[in-house]
Amino acid sequence: MRTNQLRNIGIIAHVDAGKTTTTERILYYTGGSHRIGEVHNGNTQMDFDPQERKRGITINSAATTVYWKDARINIIDTPGHIDFNIEVNRSLRVLDGAVVLFDGVAGVEPQTETNWRLADKYNVPRLAFINKLDRIGADFYRVVDMIIDRLGVTPLVLQLPIGRESEFTGVVDVLRQEALVWTTDSADVPYELRSIPPELLEQARAYRTRLIEAVIDQDEAALAAYLDGVEPSDDVLRACIRKATATGRFVPVLTGSAFKNKGVEPLLDAVVDYLPEPSQDAADAPLAALAFKIVSNDHGALTFVRVYSGRLSPGDAVLNANTGKKERISRLYEMHADKREERASAEAGDIVALVGLKDTTTGHTLCDPAHPVTLEQISVPEPVIDIAIEAKTQADQQNLAKALHAMLREDPSLRVAHDADSGQTILSGMGELQLEVTLEKLRSEHAVDVMVGKPQVAYRETIGAAVEVRHVLKKQTGGPGQFADVLLRVEPLERGAGMQFASEVVGGAIPREFIPAVETGVRNAAKSGVLAGFQVVDFKVTLVDGSYHDRDSSSLAFELVAATAFREAAAKAQPALLEPVMAVEVTTPANHVGDCIGDLNRRRGLIRSQDQRNNGAVIEAHVPLKEMFGYIGNLRALSSGRAQYSMQFDHYAVAPANVAAEVVKAA
Ligand SMILES: Nc1nc2c(ncn2[C@@H]2O[C@H](COP(=O)(O)OP(=O)(O)OP(=O)(O)O)[C@@H](O)[C@H]2O)c(=O)[nH]1
Ligand SMILES: [Mg+2]
């Protein structure tokens, strides 16, 4: 198959925008399924995990392949909940295009915006699909305006809705100047092509002119002809739209109601017409593929890879460029949600799952051993919430480590640490929901019983002043001794900077081979801060000077002395506690706005904006995570169940003295 007939796309959006519902329709229309699954019935193909079906949300991204008009389309349906954002992140890393869904009522929601920015980061061209036009309060034009205001992009309106809410029946195709009308809600009745309803005719013409004038400069000859009064053909316009979409200059906007089976076929046409094919001429080059997802099952692990160049076949020995080890591929599959189809090979542009890899994890590059190469990594968000777990029995204790190892391989946004004092295992993640899902998986899939503590905020520590500390380690009484001497300067960096290390040692005051040991010593010590044992961040350590001893100095001695010197410096450098602050968005009916704001204020919230929307308001605030535990119950109570909220990590900030004192006391 020629690669220009291949599309690798993701479906991304805020929670509940209809990603899975749309994907189920795509499967049905393309013949990939024979009945339409519904999220509320727990019978979709894409949400196959028992927890997804029970909770009615997507947790894991799932891949499938469909065929539409001579094109093969690999689709990844992603979760909208922010706790599972790693799934969107790693999918966008390997995709060539995305369909971004918008709820026709709510418009641009927080996770839509977050995912939009992620797609910017990975340079993924996009189409917008304004969904749920059948809902009461849906307003296509308002959502288009929100796309301009909140995402700062220029929409290219390719369709206009016909009718509103329950009367929504179809769309005007702006390019072809025709109406596509769905006469029933049934997916088995194709749309009818009709002339544009008279009341929309003038508007439809105006949008076509706007469309032409927006994109015509993509084609110089067509532009010149147009200026001479010659209308471009539809094919020329399609090519112009395709070009402008690939560079992100415009975002084509389509619309419909996935649930009512309206608008999905033209969306598929647009995916083929406007989203890019994998880059050409990479098929003959040496192999380079990125592992972006690992799924464990009873038979071992499935490694999902995107092939960027070259070819992969079962039996191949490939080099993992990150570990330096060779791995052998035993089988190769095309995935259809939880089902798989064996394939004889994969080539540049393909997304497939491999069996046989042992030490490959998310973000690793697989390549031709004769042509080593490392592809761009996948960025992993930092966890903000901790939970302590303890195995119930000796048997559980043994299985726990194994199960956690497998789960961490699957989800790089989870972390595990051991608390030496309490003997507990600390599991860290993005939010309460992710930890809840992880613990349930531990029980149901790995049969490990654990006792679980309350979720805790993952605080950090930092410093507020620069200090210099000299420390000498000297044990030279009889036998082999230990000697190391360092002068460290420790200074604060801006928020989010992490840790930096530099050496100013000159003239061999400390031999070069010991300098990495100094950095290791500092890094180890920074794992547990002097205030309350949290990770120390946002500082720079400079090794200013020191000395060594010919016989008694060693890497270990320098590691130990650096750790001690760092701890001493951190204690003197005005240590401070950092707490995660969340961006919270509350949507509430107008009569509860005051109560919601009052409640957010009591939670140390900083109200950032308040907008009227439909019959209610949207309140945006920054609130420390510590104050958000149990928020949902409270919000429901004060709004008679009518307000909703979403939140995502925003930044770390220095905690007020009373909060810090409380945390230090509990440590
Ligand atoms: N009225 C209406 N409801 C829809 C439409 N599309 C989806 N829904 C409903 O919205 C709810 C959420 O749909 P999903 O497809 O699960 O949304 P999602 O974007 O996959 O959600 P997550 O994966 O959890 O982020 C379900 O109850 C759907 O039936 C639509 O076009 N109109
Ligand atoms: Mg979903």
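What counts, and where the lines are drawn
Residues numbered from 1 in each chain as written. Chains lettered and ligands numbered in written order. Predicted model: local features only at pLDDT ≥ 70, side-chain atom pairs only at ≥ 80, totals over all residues. Heavy atoms only, no water. Donors = N, O, S within 2.8 Å, 3.2 Å for Na, K, Ca; no water. Helix = DSSP H or I, 4+ residues; strand = E, 2+ residues; numbered from the N terminus. Buried < 20%, exposed > 50% of the residue type's maximum accessible area, 1.4 Å probe, protein only. Near = heavy atom within 4 Å. Polar contact = N/O pair within 3.5 Å; in protein donor to acceptor, adjacent residues only side chain to side chain. Areas by Shrake-Rupley, 256 points an atom, 1.4 Å probe, with all protein chains shown as cover. Phe/Tyr/Trp six-rings, centres within 6.5 Å; stacked < 30°, edge-to-face > 60°. Contact = heavy atoms within 4.5 Å. Pairing = 2+ DSSP bridges. Axes fitted to C-alpha atoms, helices over the stretch in contact; angles between N-to-C directions.

Q: Mind showing me how you'd approach the coordination of the magnesium ion (ligand 2) here?
A: For a metal with four tetrahedral donors the ideal donor-metal-donor angle is 109.5 degrees, whereas six octahedral donors ideally subtend 90 or 180 degrees. Protein-derived ligands of the magnesium ion (ligand 2) are Thr 20 (OG1) and Thr 58 (OG1), with the metal-ligand distances lying across 2.0 Å. Taken together, the residues span a long stretch of sequence, with Thr 20 in helix α1 (residues 19-29) and Thr 58 in the loop between α2 (50-55) and β2 (62-68) at a distance of 38 residues. Residue Thr 58 is classed as buried on the basis of its relative accessible area, which comes to 10%.

Q: Even after reading the chapter, I still don't get the site of ligand 1, so can you show me in this structure?
A: Close contacts around ligand 1 come from 20 residues, with Lys 19, Thr 20, Thr 21, Thr 58 and Asp 134 the closest. At a separation of 2.9 Å, an oxygen atom of ligand 1 approaches a polar backbone atom of Gly 80. The contact in question runs from an oxygen atom of ligand 1 to an N or O atom on the backbone of Ala 258, over 3.1 Å. When ligand 1 sits alone it has 650 Å² of accessible area, and the protein chains cover 89% of it. Of the residues forming the shell around ligand 1, the biggest block, three residues, is contributed by α1.

Q: Could you clarify how one ought to interpret the packing of aromatic side chains in this entry?
A: Each pair of aromatic rings is reported with the distance of its centres and the angle of its planes. Applying the stated rule across the entire model yields eleven aromatic pairs. Relative to Tyr 645, the ring of Tyr 631 lies with its centre 4.8 Å away and its plane at 90 degrees, an arrangement referred to as edge-to-face. In this pair, Tyr 631 is assigned in helix α15 (residues 631-638) and Tyr 645 in strand β35 (residues 644-654), connecting sequence segments 14 residues apart. Judged by relative accessible area, which is 1%, Tyr 631 ranks as buried. Relative accessible area serves as the criterion here: at 25%, Tyr 645 is assigned to the partly exposed category. Relative to Tyr 652, the ring of Phe 649 has its centre 5.4 Å away and its plane inclined at 55 degrees; by these criteria the two rings are tilted.

Q: What is the right way to look at the environment of Ala 484 in this model?
A: Relative to the elements of secondary structure, Ala 484 occurs in strand β29 (residues 482-492). On the basis of relative accessibility, which here comes to 0%, the residue Ala 484 falls in the buried class. Those residues within four positions of Ala 484 in sequence are excluded, and the remaining contacts are His 471, Val 472, Leu 473, Ser 547, Ser 553, Ala 557, Phe 558 and Val 561.

Q: What am I meant to see in the sheet that holds strand β7 (residues 159-162) here?
A: The strand order β7-β8-β9-β10 describes an open sheet built from four strands, whose pairing is antiparallel. Since the sheet does not close on itself, it has two edges, and those belong to β7 and β10 (192-194), each with one partner. When the angles between neighbouring strand axes are averaged without regard to direction, this sheet yields 30 degrees. With four bridges connecting them, β7 and strand β8 (residues 170-173) associate as antiparallel partners. Across the sheet, Gln 159 pairs through a bridge with Asp 173, a residue of β8.

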